[in-house]
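Residue-level structural notes
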Amino acid sequence: MSKMKPRTLSGFMELLPARQVQFDRMVELLRRSYSLYGFTPLDTPLIEASEVLLAKGGGETEKQIYRFTKGDTDLSLRFDLTVPLAKYVALHYDQLTFPFRRFQIGKVYRGERAQRGRFREFYQADIDVIGDGALDIVNEAEIPSIIYKTFTALGLKHFKIRINNRKVLGGLFELLGLSEHTSDVLRTLDKLEKIGPAKVTEILTDDFAVSADTAHRLLNLLTTDDPMAALEAFTGQSVLFDQGVGELSTVVKYLTAFGVPKDHFMVDLTIARGLDYYTGTVYETVMTDHPEVGSICSGGRYDNLAEYYTDRKLPGVGISIGLTRLFFVLEDQGLLNDDLLTAPADVLILPMTEDLSHAITLATAMRDYGIRTQLHCEKKKFKQKLSYADKMKIPFAVFLGEDEVTANQVTLKDLTTGQQVTCSTEEAILHIANTLAMRAGGTPIRE
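Because the structure is predicted, anything quoted here is derived from the model rather than measured.

**Observations concerning the packing of aromatic side chains**
Applying the stated rule across the entire model yields ten aromatic pairs. The interplanar angle of 80° and the centroid separation of 5.3 Å between the aromatic rings of F23 and F327 together place this pair among those described as edge-to-face. Residue F23 is found in helix α1 (residues 17-36), and its partner F327 is found in helix α12 (residues 323-332); the two are separated by 304 residues along the sequence. Here F23 matches F327 in class, with each residue buried. Centroid distance Y93 to F98: 5.3 Å. Interplanar angle 35°. Geometry classified as tilted. Among the aromatic side chains, those forming a connected cluster through ring pairs are F23, Y123 and F327. The lysine or arginine in question, R101, covers the ring of F39, its NZ or CZ lying 4.3 Å from the ring centre.

**A few points about the sheet that holds strand β1 (residues 40-41)**
One open sheet holds the eight strands; their spatial order is β1-β5-β6-β11-β10-β9-β7-β8, and the pairing between them is mixed. Looking along the sheet, the strands with just one partner apiece sit at the ends: β1 and β8 (265-267). Bridging between strand β10 (residues 295-302) and strand β11 (residues 316-322) involves five bridges; their strand directions are antiparallel. Note that in β11 the partner of R301 across the bridge is V317. Set on the sheet, α1 makes contact with β5 (100-109), β6 (121-130) and β11; between it and β5 the angle comes to about 160°.

**Section: the sheet that holds strand β15 (residues 410-414)**
Strand order in the open sheet formed by five strands is β13-β12-β14-β15-β16, with mixed pairing between adjacent strands. Looking at strand neighbours, the two that pair on one side only are β13 (373-375) and β16 (420-423), the edges of this open sheet. On average, adjacent strands in this sheet sit at an angle of 25° to one another, irrespective of strand direction. Bridging between strand β12 (residues 347-351) and strand β14 (residues 396-400) involves five bridges; their strand directions are parallel. Across the sheet, residue P351 finds its bridge partner in β14, namely L400. Those strands touched by helix α13 (residues 357-368) are β12, β13, β14 and β15, and its axis lies near 165° from that of β13. Its contacts with the sheet put helix α14 (residues 382-392) on β12, β13 and β14, and the angle it makes with β12 is roughly 170°.

**Quick notes on a nonpolar patch on the surface**
A grouping of L46, I47 and F68 is seen on the molecular surface, where their side chains present a nonpolar patch of about 230 Å² in accessible area. Assignment of secondary structure puts F68 in strand β3 (residues 67-70). In this structure F68 comes out as partly exposed when scored by relative accessible area, which is 34%.

**Side note on helix α5 (residues 138-154)**
Here α5 spans 25 Å end to end across 17 residues, near enough to the 24 Å set by a 1.5 Å rise per residue. For α5, a buried count of 13 out of 17 residues is recorded, marking the element as mostly surrounded by other parts of the structure. Positive backbone phi, at 110°, marks G155, one or two positions downstream of α5.

**So, the environment of P41**
Its place among the elements puts P41 in strand β1. Spatially, the C-alpha atom of P41 lies 30 Å from that of D339, the residues being 298 residues apart in sequence.

**Description of the pairing of β16**
Across four bridges, β15 lies against β16 in antiparallel orientation. Bridging from a neighbouring strand, L412 pairs with V421 of β16. With antiparallel pairing between neighbouring strands as the criterion, β15 and β16 make up a hairpin whose turn holds five residues, including G418 at a positive phi of roughly 85°.

**Observations concerning the packing of α1 against α5**
If you want to describe how two helices pack, look at the angle between their axes and the distance between the axes. One way to put it is that α1 packs onto α5 with a least axis distance of 9 Å and a crossing angle of 145°. Crossing of α1 against α5: the hand is right-handed. Of α5, the residues touching α1 (which contributes M26, L29, L30, S33, Y34 and L36) are I146, K149, T150, A153 and L154. A breakdown of the residues in the contact of α1 with α5 according to their chemical character gives eight nonpolar, two polar and one charged.

**Some remarks on a negative patch on the surface**
On the surface, E354, D355, E402 and D403 cluster together into a patch of negative charge. As for its position among the elements, D355 is in the loop between β12 and α13.

**As for the pattern of salt bridges**
The final tally for this structure, using the stated rule, is 19 salt bridges. Between D338 and R19 there is a salt bridge, with its nearest N and O atoms 2.8 Å apart. Here D338, found in the loop between α12 and β12, pairs with R19, found in helix α1; they are 319 residues apart in sequence, far enough to count as distant. A residue is classified by how much of its surface remains accessible, and R19, at 21% relative accessible area, is partly exposed. Of the charged contacts in the structure, one is a salt bridge between R446 and D339, with a shortest N-O distance of 2.7 Å. Placement of R446 in the segment after α16 (425-439) and of D339 in the loop between α12 and β12 is noted, with a sequence separation of 107 residues between them.

**Examining unusual backbone geometry**
Most peptide bonds are trans, and most residues other than glycine sit at a negative phi. Cis geometry marks the peptide bond from F98 to P99, where omega comes out at 0°. Within the secondary structure, P99 is located in the loop between α4 (82-91) and β5. Non-glycine residue N408 carries a positive phi angle of around 55°. Tracing the backbone shows N408 in the loop between α15 (402-406) and β15.

**What to know about the nonpolar core**
Counting residues in each nonpolar core, the largest one holds 78 residues, and the members touching the most others are Y34, F151 and I321. Top contributing element to this core by residue count: α5, with seven residues. If near-sequence neighbours (up to four positions away) are discounted, I321 is found in contact with L30, Y34, Y123, Q124, A125, D126, T150, F151, I296, C297 and L326. L362, A363, L400 and I429 belong to the second largest nonpolar core, which has 17 residues in total.

What counts and how
Along each chain, residues carry numbers from 1 onward, in the same order as the chain's sequence is written. For a predicted model such as this one, the threshold for reporting local features is a pLDDT of at least 70, and the threshold for listing and counting side-chain atom pairs is 80 or more; totals across whole chains, interfaces and linings nevertheless cover every residue. The basis for the side-chain values is all heavy atoms of the structure; hydrogens and waters are excluded. Note on aromatic contacts: the rings of Phe and Tyr and the six-membered ring of Trp form a pair at centre separations within 6.5 Å, being stacked when their planes are under 30 degrees apart, edge-to-face when over 60 apart, and tilted otherwise. Counting from the N terminus, the helices are DSSP H or I runs at least four residues long and the strands are E runs at least two residues long. To sort residues, take the accessible area from a 1.4 Å probe on protein chains only and compare it with the maximum for the residue type: under 20% means buried, over 50% means exposed, and anything in between is partly exposed. For a lysine, the NZ atom is tested; for an arginine, the CZ atom; a charge sits over a ring if that atom is within 6 Å of the ring centre and within 35 degrees of the ring normal. Should DSSP find at least two bridges between two strands, the strands are regarded as paired. Note on contacts: a residue pair qualifies if any of its non-hydrogen atoms lie within 4.5 Å across the two residues. Think of each axis as a best-fit line through the C-alpha atoms, taken over the contacting stretch in the case of a helix, with angles from 0 to 180 degrees between the N-to-C directions. Patches were defined on residues exceeding 30% relative accessible area and lacking a salt bridge, with like-charge contacts within 9 Å and nonpolar side-chain contacts (Val, Leu, Ile, Met, Phe, Trp, Tyr) within 5 Å. Computed by Shrake-Rupley with a 1.4 Å probe, the accessible areas treat only the displayed protein chains as cover when residues are assessed. Salt bridges are defined by distance alone: a side-chain nitrogen of Lys or Arg within 4 Å of a carboxyl oxygen of Asp or Glu. Expected helix span is computed as 1.5 Å times (number of residues minus one). Two helices that cross are described as forming a left-handed crossing if the nearer one is turned anticlockwise from the farther one by less than a right angle, and a right-handed crossing if clockwise. Three classes are used: nonpolar for Ala, Val, Leu, Ile, Met, Phe, Trp, Tyr, Cys and Pro, charged for Asp, Glu, Lys and Arg, and polar for all others, with Gly counted as polar. In this tally, Asp and Glu contribute negative charge and Lys and Arg positive charge; neither His nor the terminal groups of the chain are included. Just so you know, the charge point we use is NZ for Lys, CZ for Arg, CG for Asp and CD for Glu. Note on terminology: a nonpolar core comprises buried Ala, Val, Leu, Ile, Met, Phe, Trp, Tyr and Cys residues joined through side-chain atoms within 4.5 Å.

Everything listed here is a matter of coordinates, which is why it stays silent on function.
Next up, the structure:
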């Protein structure tokens, strides 16, 4: 029988064990950080009815979605976590308490062209706060503190949260006579960092008939070094603009109280977030030492999350981290902490007697104490067994021969330092637990 060559589809990430442990550690820290702010975990189905997922989409979304039929049912894989959240809140509105604060970490699927750092299957880590009819601006000020807390817990130090408000941009477009091109101008501005001001100016003038003078005035304002001061010159001329400046000022005012250091955030009027549903504060977070990576966390305020599913007004604010892409970038830049303990066990027990009862009892006692323990009972040479522990980076080995069984003791070897001692089971357990506690420090990212 011919053998089929094993392969992983392009655009799908498959990790070796040590890297999987590092990825899972990041997920665990994200869960812990989100929980500190009172967010509840949520999990929605990977597969939804196509009409539900595409109610808000169409266009590019429909081109990228993985869609299939099962019998007479038209089904699709979710392409983000926001649309399923909208469905969830509309469906369970009567059972939920508002403001509804949820986090969700899960896989999404997009059938786009796979390329380096872009995936067809990837994890997103989202948080959203959903209000019932209204949602206070303080929620928009709290979001950057969650971003700061989360990335700091992961080990990132050099990052900056860039903040803007879509109402400020909308008001500026009114004042500059660009209202009819709002969506197009926003999408163009969203490309500013990638294509540069000259190309943006060219698109605005050639494609949307914006005068060169207006395009230059807009770009000069958006790229000023003191944005809040520059905005004062336009106050009192547009209700929308004034509302946006007021919201932006409030968010900035509360950031320090929320624990975000001043060197970790900035007002950046070029942040547009090209998606149409953002209506207020918008965020993008970048690694300051690696600007080529682009945004590692983005999001913003939207006025009506579930308008395609219900007549109730459900405003919200949220952010999303593309976790798979972030992990890929960190590995590619050599920023993952390889000193982190990634072994599947803390102790490898090597029985050297025919009767394995004592070894099994010892393994049970260690597991009862919370020590991850593996029994190695394969018919291998002793040197091969130690080599196994070394390759797996298991920090401790316990030898259990006739002498140890007779004396009711164990021989414990620290495979990190090479130190070896014969002692009681209780002493071995305490030594392992204390040593592991001392070595447990460290974060998944090491800049």
